[in-house]
Every structure is written in structure tokens, then in C-alpha cells.
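Topology and contacts: notes
The residues making up each chain are set out below.
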Amino acid sequence: MPPSLFSFQFRIRNLPLRVPSTTLGTIRVMNNNRHRTADSRVESNPRVHKLQQLVNTNASGGWEESWKQGVTPWDLGRPTPVISHLHHTGSLPMGRVLVPGCGTGYDVVEMACLGRYVVGLDISEEAIKKAKQMSSTLPNADYFTFIKADFFTWHPTDLFDLIFDYTFFCAIEPDMRSAWAQQIQNFLKPDGELITLMFPMDDHAGGPPYKVSIADYKEVLHPMGFEAISIVDNKWAIEVRKGREKLGRWKRALGQSSL
Ligand SMILES: C[S@@+](CC[C@H](N)C(=O)[O-])C[C@H]1O[C@@H](n2cnc3c(N)ncnc32)[C@H](O)[C@@H]1O
């Protein structure tokens, strides 16, 4: 499997592998013979508590503040492994792709290639600034763009062949999930595909991240005509998320010919 653009970047610049200072789990990463361990179950992670404080006490600017303060405990510091896998095995649709709540945009950059144009969308100016800084000189820079906008009020100029949601569904207020599904329907071509990496599937209270279940997705996607093509455990999940993450692929059931 060819290295991702980001891992390539890490090697040539000889930068230390950037890892989340904490994640939404407990992570152990080895780099330059150093081990970093962060105890960070959702319930016990102080950085997740800080994120919750920022977002819950500042409905309009909480995400921006979390980016400005560097409180980004979800950030993998590299593309999501299953996205790299799907991309490199030719298992992702081509055409136009949307990544809502893209954050630093590693997945946007990872998927972008000749024949696949990827739009990363985030409400935070700081996140978009960071994403652009990290990616503007990459060789595939013609195949992606980053837009600062609110997913719930944004109007794209063209529809998408694929939408990839990872840690966006769990970041929004649960009472916004129907509106999320409505926008997914609005933004996808009739035969477009939605890929949801469903996380965190556990029992913690509160959020963000809010706990999710397959039923939560079905509840809002079925009324929009989406059916799951497949839902499987994500065996490429990073260690600390294993067992709490499922990959769902969804499509709209198109009307059948009566002839
Ligand atoms: C938990 S982070 C996930 C980031 C990225 N998907 C990742 O996995 O690294 C959620 C992101 O959604 C963004 N966000 C929150 N509400 C949004 C909205 N209404 N429209 C667009 N982005 C939003 C936040 O700024 C944040 O970057």
C-alpha cells in the first residue's frame, strides 16, 4: 500500500510523528523510542471535559475556541486508517466528495486524486486555516478545497457522489441529527453514497462526543430513504477505538421500475 501523503510528508521532513495529545480513548504511540500514553476514556479525559465546557457554554463559538486553544482531543494527526485502506484498494466512489466537520482535513487530502475532488467543510475558521496551511503545497492540492461554513445552512453549488462522516455526527447536539440527515439527503446525488464511521459506540453520558448507536443513524436516515448497504466493525480502528467503531455504507433506495 503506498504511503499516504501525510505519512510521506512526515518522513521527508523528518518531523516527529504528530499524535493526538489525547484522543477519545487511551492511546499508546511509539515514536523515536518514546512512548506517550494518555488515559483518556471519554468519561475521564480532562481534555474532553475542557472541550465539553467550551462547546456547551458557547453555542456559537465553542468549536472555534476549542481550535484556538488547541483542545482537539479527537484529532488523529493523520488520515483515518480505514479511509486510507478504502482509498488505496479502490473501494471509494470517484467524483465529488464532502467531508463535513473535517477538522484538520487529513481525510480530505488522503482521498483527493485525479477523478475525485474533495471538499472539506468546517464551521471553525481556525480549523480551516490549519487545514489549508498543512495542505496547500501538496502535489494533489488541485483536487481538494476547504470551506469555512456551517453544515446546517450551507448551500453547495454542486451535489456530491460521496459524503464521509467521522466524528461529526457525534459532535453535534443529538436534537440536530434529523437536520443532519436532511442535509445529507440535500447534498448527495440520488445515487450517491454516505459513509459513516460510527463512533463512539459506548454508554457514556453527555457530550460532545455524544454516544452513538446504529439505531441512532437508522432513526434519522431511514426517513430520508437511506438503507445500509453494509455495517461492519472497523478492523482498521486505532487501538483505543477498537470495538467502539463501526463502518456504515448507505445509499438511497431508488424507485423501482414498474415495467
Ligand atoms: C470532533 S471534530 C471532528 C473533526 C474531524 N472529522 C476529525 O475526525 O478529525 C468535529 C468538527 O466539526 C466541526 N463542526 C461543529 N459544528 C459544525 C457545523 N455546524 N458545521 C460544520 N462544522 C462543524 C468542528 O469545528 C470540529 O472541527
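Please refer to the structure placed before this passage.
Below, the structure is looked at part by part.

Reading the values: the criteria
Residues numbered from 1 in each chain as written. Predicted model: local features only at pLDDT ≥ 70, side-chain atom pairs only at ≥ 80, totals over all residues. Heavy atoms only, no water. Pairing = 2+ DSSP bridges. Helix = DSSP H or I, 4+ residues; strand = E, 2+ residues; numbered from the N terminus. Axes fitted to C-alpha atoms, helices over the stretch in contact; angles between N-to-C directions. Contact = heavy atoms within 4.5 Å. Buried < 20%, exposed > 50% of the residue type's maximum accessible area, 1.4 Å probe, protein only. Arc of directions from axis to C-beta. Expected span 1.5 Å × (residues − 1). Polar contact = N/O pair within 3.5 Å; in protein donor to acceptor, adjacent residues only side chain to side chain. Salt bridge = Lys/Arg side-chain N within 4 Å of Asp/Glu carboxyl O. Near = heavy atom within 4 Å. Areas by Shrake-Rupley, 256 points an atom, 1.4 Å probe, with all protein chains shown as cover. Core = buried A, V, L, I, M, F, W, Y, C linked by side-chain atoms within 4.5 Å.

The subject of this paragraph is the sheet that holds strand β7 (residues 188–198). Read across the open sheet, the seven strands follow the order β5-β4-β3-β6-β7-β9-β8; overall the sheet is mixed. Looking at the sheet topology across the chains shown, the edges are occupied by β5 (144–148) and β8 (226–233). On average, each strand axis in the sheet is inclined to that of its neighbour by 20°, with strand direction left out of account. As paired strands, strand β3 (residues 95–100) and strand β4 (residues 116–122) are joined by six bridges and run parallel to one another. Across the sheet, R96 pairs through a bridge with Y117, a residue of β4. This element, helix α4 (residues 81–88), spans β4, β6 (160–166), β7 and β9 (246–252) of the sheet and lies at about 55° to β9. Running over the sheet, helix α7 (residues 177–187) touches β3, β6, β7, β8 and β9 and is turned about 140° from β7.

A word on the environment of E173. In this structure, E173 sits in the loop between β6 and α7. According to the relative accessible area criterion, E173 is partly exposed, its value standing at 35%. Separated by 33 residues in the primary sequence, E173 and G206 place their C-alpha atoms 9.7 Å from one another. Not counting residues up to four positions away in its chain, the partners in contact with E173 are N56 and Y210.

Further remarks concern helix α8 (residues 214–221). Taken together, the buried positions of α8 are Y217, V220 and L221. Seen end-on, α8 carries its buried residues on one side only, within an arc spanning 95°. Opposite the buried face of α8, at more than 90 degrees from it, the exposed residues are A215 and E219. Summarising the contacts, the buried residues of α8 are in contact with α7, β7, β8 and β9.

Now for helix α2 (residues 46–57). The end-to-end C-alpha distance of α2, which contains twelve residues, comes to 16 Å, matching closely the 16 Å that a straight helix rising 1.5 Å per residue would cover. Within α2, burial applies to V48, L51, Q52, L54 and V55. Looking down the long axis of α2, one finds its buried residues gathered within 165° of arc, a one-sided arrangement. Turned more than 90 degrees from where α2 packs its buried face, P46 and T57 sit exposed. Along its buried surface, α2 packs onto α3 (62–68). For α2, the N-terminal capping position is held by N45, with its side-chain oxygen 2.7 Å away from the main-chain nitrogen of R47.

Attention now moves to the pattern of salt bridges. Opposite charge on two side chains allows them to pair when their charged atoms are near. For the structure shown, the criterion picks out seven salt bridges. One salt bridge connects D233 with K246, and the closest N-O pair in it is separated by 2.6 Å. Of this pair, D233 sits in strand β8 while K246 sits in strand β9; the two residues are 13 residues apart in sequence, bridging distant segments of the chain. The partly exposed category is assigned to K246, whose relative accessible area is 23%.

As a further point, take the site of the ligand. Inspection of the region around the ligand gives 17 residues, with G101, D122, D150, Y166 and T167 positioned closest. Here a nitrogen atom of the ligand and a backbone polar atom of G101 are 2.8 Å apart. Summarising the interface, the protein chains cover 93% of the accessible area of the ligand, which totals 590 Å² for the free molecule.

One finds L98, W180 and L221 to be the most contacted residues of the largest nonpolar core, which totals 27 residues. When residues of this core are traced back to their parent elements, those giving at least two are β4, β6, α7, β7 and α8. A total of four residues in this core trace back to one element, the largest contributor, which is α7. If you look at the next biggest cluster of nonpolar residues, it comprises 24 residues, including V109, L138, L197 and L247.

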